[in-house]
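Structure at a glance
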Amino acid sequence: MKKNWPLWEVFVRSKNGLEHRHFGSLHAADADMALENARDVYTRRSEGVSIWVVPSKHITASNPEHHGELFEPAQDKVYRHPTFYNLPDEVKHM
Amino acid sequence: MSEKEIKNLEALFDQRIARDEKIEPKDWMPEKYRKTHIRQISQHAHSEIVGMLPEGNWITRAPSMRRKVALLAKVQDEAGHGLYLYSACETLGISRDELFEQLHTGKAKYSSIFNYPTITWADIGAIGWLVDGAAIINQVPLCSTSYGPYARAMIRVCKEESFHQRQGYEIMMTLAGGSPEQKELAQDALNRWWWPSLMMLGPTDAESVHTEQSMKWKLKRKTNDELRQQFIDQTVPQADLIGLRIPDPDLKWNEETNHYDFGAIDWDEFWQVVKGHGPCNTERLSARIQAWEEGEWVRDAAVAYADKKEDKKLKKAI
(Lines give C-alpha, C1' and ligand atoms only; values in the text may rest on other atoms or scores of the structure.)
Protein backbone atom coordinates (compact mmCIF):
# COMPACT_ATOMS: atom_id res chain seq x y z
CA MET A 1 0.00 0.00 0.00
CA LYS A 2 1.16 3.50 -0.81
CA LYS A 3 2.16 5.52 2.20
CA ASN A 4 1.24 9.18 2.37
CA TRP A 5 3.14 11.82 4.29
CA PRO A 6 1.64 12.01 7.79
CA LEU A 7 -0.04 15.10 9.20
CA TRP A 8 1.71 17.33 11.76
CA GLU A 9 0.33 20.05 14.01
CA VAL A 10 2.39 23.24 14.11
CA PHE A 11 2.84 25.42 17.21
CA VAL A 12 4.69 28.73 17.02
CA ARG A 13 6.05 31.02 19.74
CA SER A 14 5.68 34.48 18.27
CA LYS A 15 8.22 36.03 20.65
CA ASN A 16 10.05 35.06 23.81
CA GLY A 17 7.85 35.48 26.83
CA LEU A 18 4.78 34.17 25.01
CA GLU A 19 3.59 30.57 24.81
CA HIS A 20 3.62 28.43 21.67
CA ARG A 21 0.25 28.73 19.99
CA HIS A 22 -1.41 26.36 17.51
CA PHE A 23 -0.91 27.80 14.00
CA GLY A 24 -2.19 25.04 11.76
CA SER A 25 -1.09 21.77 10.28
CA LEU A 26 0.88 20.36 7.36
CA HIS A 27 2.11 17.14 5.79
CA ALA A 28 5.75 16.01 5.98
CA ALA A 29 7.63 12.72 5.75
CA ASP A 30 9.47 13.19 9.07
CA ALA A 31 9.99 15.64 11.93
CA ASP A 32 12.89 17.49 10.28
CA MET A 33 10.91 18.08 7.14
CA ALA A 34 7.88 19.11 9.20
CA LEU A 35 9.99 21.80 10.89
CA GLU A 36 11.36 23.07 7.59
CA ASN A 37 7.92 23.13 6.00
CA ALA A 38 6.42 24.84 9.04
CA ARG A 39 9.04 27.55 8.74
CA ASP A 40 8.11 28.18 5.09
CA VAL A 41 4.36 27.84 5.49
CA TYR A 42 3.75 29.64 8.78
CA THR A 43 6.61 32.08 9.38
CA ARG A 44 7.23 33.89 6.08
CA ARG A 45 6.77 37.27 7.77
CA SER A 46 8.68 36.88 11.05
CA GLU A 47 5.68 35.43 12.86
CA GLY A 48 7.81 33.33 15.16
CA VAL A 49 11.03 32.67 17.04
CA SER A 50 10.41 29.00 17.86
CA ILE A 51 8.44 26.16 16.28
CA TRP A 52 7.09 22.87 17.65
CA VAL A 53 5.78 20.15 15.38
CA VAL A 54 3.78 17.22 16.74
CA PRO A 55 2.44 14.23 14.80
CA SER A 56 -1.33 14.84 14.70
CA LYS A 57 -2.02 11.20 15.53
CA HIS A 58 -0.42 11.70 18.94
CA ILE A 59 -2.94 14.31 20.01
CA THR A 60 -5.80 13.13 22.19
CA ALA A 61 -8.73 15.51 22.07
CA SER A 62 -11.80 15.75 24.29
CA ASN A 63 -15.10 14.93 22.67
CA PRO A 64 -17.49 17.89 22.19
CA GLU A 65 -20.34 15.55 23.18
CA HIS A 66 -18.87 15.35 26.66
CA HIS A 67 -18.88 19.11 27.00
CA GLY A 68 -21.49 19.03 29.75
CA GLU A 69 -19.83 16.57 32.11
CA LEU A 70 -16.39 18.05 31.52
CA PHE A 71 -17.00 21.76 31.73
CA GLU A 72 -20.38 22.51 33.28
CA PRO A 73 -19.40 21.62 36.86
CA ALA A 74 -17.17 24.72 36.90
CA GLN A 75 -20.07 27.01 36.12
CA ASP A 76 -21.75 26.95 39.53
CA LYS A 77 -18.53 27.38 41.49
CA VAL A 78 -18.61 31.15 41.61
CA TYR A 79 -16.70 31.04 44.91
CA ARG A 80 -13.59 30.34 42.87
CA HIS A 81 -13.66 33.92 41.64
CA PRO A 82 -12.55 36.95 43.69
CA THR A 83 -15.76 38.90 42.99
CA PHE A 84 -17.71 36.33 45.07
CA TYR A 85 -16.36 37.81 48.32
CA ASN A 86 -17.71 40.93 50.02
CA LEU A 87 -15.21 43.51 51.22
CA PRO A 88 -15.73 46.93 52.78
CA ASP A 89 -15.32 49.81 50.31
CA GLU A 90 -12.41 51.14 52.37
CA VAL A 91 -10.24 48.25 51.27
CA LYS A 92 -8.91 49.56 47.99
CA HIS A 93 -6.53 46.92 46.72
CA MET A 94 -7.02 43.27 47.45
CA MET B 1 -29.69 8.13 14.48
CA SER B 2 -33.41 8.57 13.81
CA GLU B 3 -34.68 11.24 11.48
CA LYS B 4 -36.24 13.07 14.40
CA GLU B 5 -32.98 13.13 16.32
CA ILE B 6 -31.18 14.54 13.30
CA LYS B 7 -33.83 17.23 12.91
CA ASN B 8 -33.29 18.17 16.55
CA LEU B 9 -29.54 18.35 16.15
CA GLU B 10 -29.96 20.42 13.00
CA ALA B 11 -32.18 22.90 14.82
CA LEU B 12 -29.58 23.25 17.61
CA PHE B 13 -26.85 23.61 15.00
CA ASP B 14 -28.72 26.40 13.19
CA GLN B 15 -29.21 28.20 16.50
CA ARG B 16 -25.49 28.02 17.25
CA ILE B 17 -24.67 29.61 13.92
CA ALA B 18 -27.36 32.26 14.37
CA ARG B 19 -25.69 33.14 17.72
CA ASP B 20 -22.39 33.58 15.81
CA GLU B 21 -20.84 30.57 17.54
CA LYS B 22 -18.06 28.89 15.58
CA ILE B 23 -18.25 25.27 14.51
CA GLU B 24 -15.09 23.25 15.18
CA PRO B 25 -13.94 20.02 13.46
CA LYS B 26 -15.16 17.53 16.07
CA ASP B 27 -18.55 19.18 16.56
CA TRP B 28 -21.62 17.53 15.11
CA MET B 29 -22.60 19.08 11.79
CA PRO B 30 -25.20 18.32 9.13
CA GLU B 31 -23.80 16.25 6.27
CA LYS B 32 -24.72 18.98 3.84
CA TYR B 33 -22.72 21.53 5.83
CA ARG B 34 -19.69 19.25 5.70
CA LYS B 35 -20.04 18.60 1.96
CA THR B 36 -20.63 22.23 1.06
CA HIS B 37 -17.59 23.27 3.06
CA ILE B 38 -15.39 20.61 1.49
CA ARG B 39 -16.53 21.84 -1.91
CA GLN B 40 -15.96 25.50 -1.24
CA ILE B 41 -12.72 25.26 0.77
CA SER B 42 -11.13 22.82 -1.66
CA GLN B 43 -12.17 24.92 -4.64
CA HIS B 44 -10.56 27.84 -2.90
CA ALA B 45 -7.36 25.88 -2.19
CA HIS B 46 -7.18 24.62 -5.77
CA SER B 47 -7.55 28.21 -7.02
CA GLU B 48 -4.53 29.29 -4.98
CA ILE B 49 -2.46 26.42 -6.35
CA VAL B 50 -3.51 26.75 -10.00
CA GLY B 51 -3.26 30.54 -9.60
CA MET B 52 0.51 30.20 -9.29
CA LEU B 53 0.78 28.97 -12.89
CA PRO B 54 -0.13 32.10 -14.89
CA GLU B 55 2.20 34.19 -12.72
CA GLY B 56 5.02 31.66 -12.65
CA ASN B 57 5.17 32.25 -16.38
CA TRP B 58 6.73 35.69 -15.73
CA ILE B 59 9.10 35.09 -12.80
CA THR B 60 12.16 34.58 -14.99
CA ARG B 61 11.24 37.54 -17.19
CA ALA B 62 10.30 40.14 -14.59
CA PRO B 63 11.72 43.49 -15.74
CA SER B 64 13.79 44.24 -12.62
CA MET B 65 15.09 42.60 -9.46
CA ARG B 66 12.52 44.54 -7.40
CA ARG B 67 9.66 43.16 -9.50
CA LYS B 68 11.14 39.69 -9.47
CA VAL B 69 11.48 39.32 -5.69
CA ALA B 70 7.96 40.71 -5.24
CA LEU B 71 6.47 38.28 -7.75
CA LEU B 72 8.37 35.36 -6.25
CA ALA B 73 7.12 36.27 -2.78
CA LYS B 74 3.56 36.58 -4.08
CA VAL B 75 3.65 33.20 -5.77
CA GLN B 76 5.13 31.66 -2.62
CA ASP B 77 2.29 33.20 -0.60
CA GLU B 78 -0.19 31.57 -2.93
CA ALA B 79 1.40 28.18 -2.30
CA GLY B 80 1.10 28.96 1.42
CA HIS B 81 -2.54 29.97 1.10
CA GLY B 82 -3.27 26.76 -0.75
CA LEU B 83 -1.66 24.81 2.09
CA TYR B 84 -3.58 26.63 4.86
CA LEU B 85 -6.79 25.91 3.01
CA TYR B 86 -6.05 22.26 2.25
CA SER B 87 -5.33 21.74 5.96
CA ALA B 88 -8.59 23.43 6.92
CA CYS B 89 -10.42 21.24 4.42
CA GLU B 90 -8.85 18.05 5.76
CA THR B 91 -10.35 18.73 9.19
CA LEU B 92 -13.68 17.87 7.58
CA GLY B 93 -12.56 14.29 7.04
CA ILE B 94 -11.17 14.22 3.51
CA SER B 95 -7.53 13.39 2.76
CA ARG B 96 -5.05 15.54 0.88
CA ASP B 97 -4.70 12.85 -1.77
CA GLU B 98 -8.45 12.73 -2.36
CA LEU B 99 -8.46 16.51 -2.74
CA PHE B 100 -5.69 16.39 -5.33
CA GLU B 101 -7.44 13.60 -7.16
CA GLN B 102 -10.63 15.67 -7.36
CA LEU B 103 -8.63 18.52 -8.87
CA HIS B 104 -6.75 16.32 -11.33
CA THR B 105 -9.83 14.47 -12.55
CA GLY B 106 -11.78 17.69 -12.96
CA LYS B 107 -14.33 16.72 -10.30
CA ALA B 108 -13.40 19.80 -8.28
CA LYS B 109 -13.27 23.24 -9.83
CA TYR B 110 -10.90 26.15 -9.39
CA SER B 111 -11.48 29.79 -10.18
CA SER B 112 -12.08 30.22 -13.92
CA ILE B 113 -9.99 33.36 -14.06
CA PHE B 114 -6.80 31.27 -14.10
CA ASN B 115 -7.77 29.79 -17.44
CA TYR B 116 -6.81 33.04 -19.16
CA PRO B 117 -3.25 33.47 -20.47
CA THR B 118 -0.63 35.96 -19.24
CA ILE B 119 0.78 37.14 -22.55
CA THR B 120 2.52 40.36 -21.47
CA TRP B 121 4.22 41.66 -18.34
CA ALA B 122 1.29 44.05 -17.84
CA ASP B 123 -0.89 40.99 -17.21
CA ILE B 124 0.99 40.47 -13.96
CA GLY B 125 0.00 44.01 -12.97
CA ALA B 126 -3.61 43.44 -13.99
CA ILE B 127 -3.82 40.16 -12.08
CA GLY B 128 -2.53 41.71 -8.86
CA TRP B 129 -4.71 44.78 -9.13
CA LEU B 130 -7.95 43.24 -10.45
CA VAL B 131 -7.89 39.52 -9.72
CA ASP B 132 -6.43 39.86 -6.23
CA GLY B 133 -8.64 42.91 -5.70
CA ALA B 134 -11.74 40.87 -6.49
CA ALA B 135 -10.42 37.98 -4.41
CA ILE B 136 -9.96 40.24 -1.38
CA ILE B 137 -13.55 41.47 -1.68
CA ASN B 138 -14.66 37.85 -1.75
CA GLN B 139 -12.41 36.80 1.11
CA VAL B 140 -12.72 39.50 3.75
CA PRO B 141 -16.27 38.44 4.74
CA LEU B 142 -15.01 34.83 5.02
CA CYS B 143 -12.83 35.80 7.99
CA SER B 144 -16.01 35.65 10.07
CA THR B 145 -17.52 32.55 8.49
CA SER B 146 -18.99 29.91 10.80
CA TYR B 147 -16.46 27.09 10.32
CA GLY B 148 -13.53 27.82 12.67
CA PRO B 149 -10.61 26.34 10.69
CA TYR B 150 -11.75 28.08 7.49
CA ALA B 151 -12.19 31.43 9.25
CA ARG B 152 -8.74 31.16 10.83
CA ALA B 153 -7.12 30.30 7.49
CA MET B 154 -8.88 33.24 5.86
CA ILE B 155 -7.61 35.69 8.47
CA ARG B 156 -4.04 34.71 7.59
CA VAL B 157 -4.77 34.81 3.86
CA CYS B 158 -6.35 38.26 4.00
CA LYS B 159 -3.48 39.69 6.02
CA GLU B 160 -1.02 38.56 3.37
CA GLU B 161 -3.13 39.37 0.35
CA SER B 162 -3.04 43.15 0.48
CA PHE B 163 0.57 43.35 -0.68
CA HIS B 164 -0.44 41.32 -3.71
CA GLN B 165 -2.93 43.91 -4.86
CA ARG B 166 -0.61 46.81 -4.17
CA GLN B 167 2.27 45.30 -6.13
CA GLY B 168 -0.09 44.76 -9.09
CA TYR B 169 -1.42 48.31 -8.99
CA GLU B 170 2.12 49.66 -8.77
CA ILE B 171 3.06 47.74 -11.92
CA MET B 172 0.03 49.18 -13.74
CA MET B 173 0.73 52.69 -12.46
CA THR B 174 4.36 52.52 -13.60
CA LEU B 175 3.42 51.27 -17.06
CA ALA B 176 0.59 53.79 -17.40
CA GLY B 177 3.01 56.61 -16.57
CA GLY B 178 5.67 55.36 -18.99
CA SER B 179 6.12 55.56 -22.76
CA PRO B 180 3.06 55.42 -25.07
CA GLU B 181 3.91 51.74 -25.77
CA GLN B 182 4.03 50.95 -22.06
CA LYS B 183 0.74 52.72 -21.45
CA GLU B 184 -0.79 50.78 -24.32
CA LEU B 185 0.44 47.57 -22.69
CA ALA B 186 -1.31 48.48 -19.43
CA GLN B 187 -4.53 49.46 -21.22
CA ASP B 188 -4.51 46.23 -23.21
CA ALA B 189 -4.13 44.16 -20.05
CA LEU B 190 -6.99 46.04 -18.37
CA ASN B 191 -9.13 45.47 -21.47
CA ARG B 192 -8.56 41.74 -21.33
CA TRP B 193 -8.82 41.23 -17.53
CA TRP B 194 -11.70 43.57 -16.66
CA TRP B 195 -14.63 41.38 -17.67
CA PRO B 196 -13.20 38.07 -16.42
CA SER B 197 -12.52 39.81 -13.09
CA LEU B 198 -16.18 40.84 -12.82
CA MET B 199 -17.22 37.27 -13.63
CA MET B 200 -14.91 36.01 -10.92
CA LEU B 201 -17.34 37.24 -8.29
CA GLY B 202 -19.74 34.55 -9.43
CA PRO B 203 -23.02 34.25 -11.34
CA THR B 204 -25.75 36.86 -10.78
CA ASP B 205 -27.88 36.32 -7.69
CA ALA B 206 -30.80 35.07 -9.77
CA GLU B 207 -28.58 32.30 -11.21
CA SER B 208 -26.59 31.41 -8.13
CA VAL B 209 -27.78 28.08 -6.75
CA HIS B 210 -25.81 28.06 -3.51
CA THR B 211 -26.29 31.63 -2.27
CA GLU B 212 -29.29 31.18 0.03
CA GLN B 213 -27.92 28.23 2.01
CA SER B 214 -24.45 29.76 2.12
CA MET B 215 -25.81 33.01 3.56
CA LYS B 216 -27.52 31.04 6.31
CA TRP B 217 -24.26 29.30 7.22
CA LYS B 218 -22.35 32.59 6.99
CA LEU B 219 -20.21 31.05 4.27
CA LYS B 220 -21.36 34.11 2.44
CA ARG B 221 -22.16 37.48 3.94
CA LYS B 222 -22.96 39.40 0.78
CA THR B 223 -24.45 38.23 -2.50
CA ASN B 224 -22.38 37.96 -5.69
CA ASP B 225 -24.05 41.05 -7.16
CA GLU B 226 -23.36 43.11 -4.04
CA LEU B 227 -19.70 42.06 -4.07
CA ARG B 228 -19.42 42.85 -7.79
CA GLN B 229 -20.88 46.33 -7.29
CA GLN B 230 -18.44 46.92 -4.44
CA PHE B 231 -15.54 45.85 -6.66
CA ILE B 232 -16.59 48.13 -9.51
CA ASP B 233 -17.19 51.13 -7.24
CA GLN B 234 -13.78 50.75 -5.68
CA THR B 235 -11.81 49.98 -8.87
CA VAL B 236 -13.10 52.60 -11.34
CA PRO B 237 -11.59 55.59 -9.46
CA GLN B 238 -8.29 53.67 -9.24
CA ALA B 239 -8.24 53.32 -13.03
CA ASP B 240 -9.09 57.02 -13.45
CA LEU B 241 -6.24 57.96 -11.15
CA ILE B 242 -3.59 56.35 -13.36
CA GLY B 243 -5.21 57.40 -16.63
CA LEU B 244 -6.53 54.02 -17.78
CA ARG B 245 -9.98 53.51 -19.28
CA ILE B 246 -12.36 50.75 -18.11
CA PRO B 247 -13.45 48.88 -21.28
CA ASP B 248 -17.19 49.35 -20.73
CA PRO B 249 -19.03 52.01 -22.79
CA ASP B 250 -22.06 51.73 -20.50
CA LEU B 251 -20.13 52.45 -17.31
CA LYS B 252 -21.59 55.58 -15.69
CA TRP B 253 -21.79 57.05 -12.19
CA ASN B 254 -25.39 57.01 -10.95
CA GLU B 255 -26.13 59.96 -8.66
CA GLU B 256 -29.30 58.37 -7.34
CA THR B 257 -27.94 54.99 -6.31
CA ASN B 258 -24.45 56.28 -5.48
CA HIS B 259 -23.01 53.40 -7.48
CA TYR B 260 -21.66 52.88 -10.97
CA ASP B 261 -24.06 51.47 -13.56
CA PHE B 262 -22.28 49.01 -15.81
CA GLY B 263 -22.81 47.10 -19.06
CA ALA B 264 -24.05 43.55 -19.53
CA ILE B 265 -21.64 40.73 -18.66
CA ASP B 266 -21.15 37.98 -21.23
CA TRP B 267 -22.21 35.04 -19.09
CA ASP B 268 -21.94 32.64 -22.02
CA GLU B 269 -18.21 33.20 -21.94
CA PHE B 270 -18.16 32.55 -18.20
CA TRP B 271 -19.98 29.22 -18.50
CA GLN B 272 -17.85 28.18 -21.46
CA VAL B 273 -14.69 28.69 -19.39
CA VAL B 274 -16.22 26.93 -16.35
CA LYS B 275 -17.08 23.96 -18.55
CA GLY B 276 -13.47 23.66 -19.66
CA HIS B 277 -13.42 25.61 -22.92
CA GLY B 278 -11.34 28.60 -21.77
CA PRO B 279 -8.07 29.47 -23.47
CA CYS B 280 -5.86 27.62 -20.94
CA ASN B 281 -7.99 25.00 -19.13
CA THR B 282 -6.10 22.07 -20.63
CA GLU B 283 -2.70 23.66 -20.15
CA ARG B 284 -3.31 24.50 -16.47
CA LEU B 285 -4.60 21.09 -15.52
CA SER B 286 -1.91 19.20 -17.39
CA ALA B 287 0.77 21.34 -15.71
CA ARG B 288 -0.70 20.37 -12.32
CA ILE B 289 -0.93 16.69 -13.17
CA GLN B 290 2.58 16.65 -14.56
CA ALA B 291 3.98 18.28 -11.42
CA TRP B 292 2.13 15.76 -9.24
CA GLU B 293 3.22 12.72 -11.24
CA GLU B 294 6.81 13.79 -11.67
CA GLY B 295 7.06 14.52 -7.95
CA GLU B 296 5.92 11.04 -6.98
CA TRP B 297 9.40 9.52 -6.68
CA VAL B 298 10.45 12.41 -4.43
CA ARG B 299 7.49 11.83 -2.12
CA ASP B 300 8.18 8.09 -2.04
CA ALA B 301 11.89 8.59 -1.41
CA ALA B 302 11.14 10.91 1.51
CA VAL B 303 8.87 8.28 3.07
CA ALA B 304 11.47 5.54 2.53
CA TYR B 305 14.15 7.70 4.15
CA ALA B 306 11.88 8.51 7.13
CA ASP B 307 11.10 4.80 7.58
CA LYS B 308 14.78 3.88 7.44
CA LYS B 309 15.68 6.47 10.08
CA GLU B 310 12.83 5.23 12.29
CA ASP B 311 14.06 1.62 11.92
CA LYS B 312 17.60 2.59 12.91
CA LYS B 313 16.29 4.35 16.01
CA LEU B 314 14.30 1.25 16.97
CA LYS B 315 17.26 -1.09 16.45
CA LYS B 316 19.46 1.10 18.62
CA ALA B 317 16.85 0.97 21.35
CA ILE B 318 16.87 -2.84 21.28
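This write-up is about the structure you can find in this document. (Residues numbered from 1 in each chain as written. Chains lettered and ligands numbered in written order. Predicted model: local features only at pLDDT ≥ 70, side-chain atom pairs only at ≥ 80, totals over all residues. Heavy atoms only, no water.)

**Description of the overall build of chain A**
Our working rule: For helices the rule is a DSSP run of H or I covering at least 4 residues; for strands it is a run of E covering at least 2, with both sets numbered from the N terminus onward. Each radius of gyration is computed over the set of C-alpha atoms, and the globule rule expresses the reference value as 2.2 Å times the number of residues to the power 0.38. Only protein chains enter the area calculation, which uses a 1.4 Å probe; residues under 20% of their type maximum are buried, those over 50% are exposed, and those in between are partly exposed.
Regarding its fold elements, chain A presents 2 helices and 3 strands. For chain A, the α and β elements follow one another from N to C terminus as β-β-α-β-α. Scaling as 2.2 N^0.38, a compact globule of 94 residues should have a C-alpha radius of gyration of about 12 Å, whereas chain A reaches 21 Å, well beyond that. Along the first, second and third principal axes, the C-alpha set of chain A runs to 70 × 35 × 15 Å. Across the 94 residues that make up chain A, the buried fraction comes to 26%.

**Thoughts on the pattern of salt bridges**
Rule in force here: The rule for a salt bridge is simple: a side-chain nitrogen of Lys or Arg has to be within 4 Å of a carboxyl oxygen of Asp or Glu.
Going through the model one piece at a time under the given rule, you end up with 27 salt bridges over all chains. One salt bridge in this structure joins K3 of chain A and D307 of chain B, with 2.7 Å as the shortest N-O distance. Of this pair, K3 of chain A sits in the segment before strand 1 (7-13) while D307 of chain B sits in helix 12 (residues 296-317), on two different chains. Overall, K3 of chain A belongs to the partly exposed group, its relative accessible area being 46%. One salt bridge connects D20 of chain B with K218 of chain B, and the closest N-O pair in it is separated by 2.9 Å. Taken together, the residues span a long stretch of sequence, with D20 of chain B in the loop between helix 1 (3-18) and helix 2 (31-56) and K218 of chain B in the loop between helix 8 (211-216) and helix 9 (224-241) at a distance of 198 residues. Classification of K218 of chain B by relative accessible area gives buried; the value is 15%. Salt bridges sharing partners connect three or more residues here, namely R44 and R45 of chain A together with D77 and E160 of chain B.

**Things to note about the packing of aromatic side chains**
All names here are of chain B. The cut-off we apply is this: Only centres within 6.5 Å qualify two rings of Phe, Tyr or Trp (six-membered ring in Trp) as a pair; their planes then separate them into stacked at under 30 degrees, edge-to-face at over 60, and tilted for everything else.
Within this structure, the stated rule accounts for 18 aromatic pairs over all chains. Both rings, one in F13 and one in Y33, keep their centres 4.9 Å apart while their planes meet at 80°; by these two values the pair is edge-to-face. Here Y33 lies in helix 2 and F13 lies in helix 1, a separation of 20 residues in the sequence. Seen from their ring centres, Y33 and Y147 are 6.4 Å apart, and the 75° between their planes marks the pair as edge-to-face.

**A short note on the interface of chain B and chain A**
Put simply, the rule reads: Residue contacts are counted whenever heavy atoms from the two residues lie within 4.5 Å of one another. Computed with a 1.4 Å rolling probe, the buried area is the accessible surface lost when two parts are put together, summed over both parts. Polar contact criterion, stated in full: a pair of N or O atoms within 3.5 Å, where within protein one must be able to donate a hydrogen and the other to accept it, and residues adjacent in sequence count only if both atoms are side-chain atoms. In this count, Pro and Cys sit with the nonpolar residues alongside Ala, Val, Leu, Ile, Met, Phe, Trp and Tyr, while Asp, Glu, Lys and Arg are called charged and the others, Gly among them, polar.
With 24 residues of chain B at the contact, the number on the chain A side is 21 residues. Looking at the side of chain B facing chain A, the largest losses of area belong to K26, R156 and V303 of chain B, adding up to 25% of the total buried there. Along the contact surface separating chain B from chain A lie 7 salt bridges. Here D77 of chain B makes a salt bridge to R44 of chain A, at a shortest N to O gap of 2.8 Å. Connecting chain B to chain A are 12 residue pairs in polar contact (both at pLDDT 80 or more). Elements with a minimum of two residues in the side of chain B that touches chain A: helix 3 (65-90), helix 4 (96-104), helix 6 (148-176) and helix 12 of chain B. It is helix 12 of chain B that provides the largest number of residues to the side of chain B that touches chain A, a total of 9 residues. For the side of chain B that touches chain A, a count of residues per class yields 7 nonpolar, 4 polar and 13 charged.

**Quick look at the side chain of H81 of chain B**
Mapping H81 of chain B onto the fold places it in helix 3. Contacts of H81 of chain B, omitting those with residues within four sequence positions, involve R44 of chain A together with E48, V157, E160, E161 and H164 of chain B.

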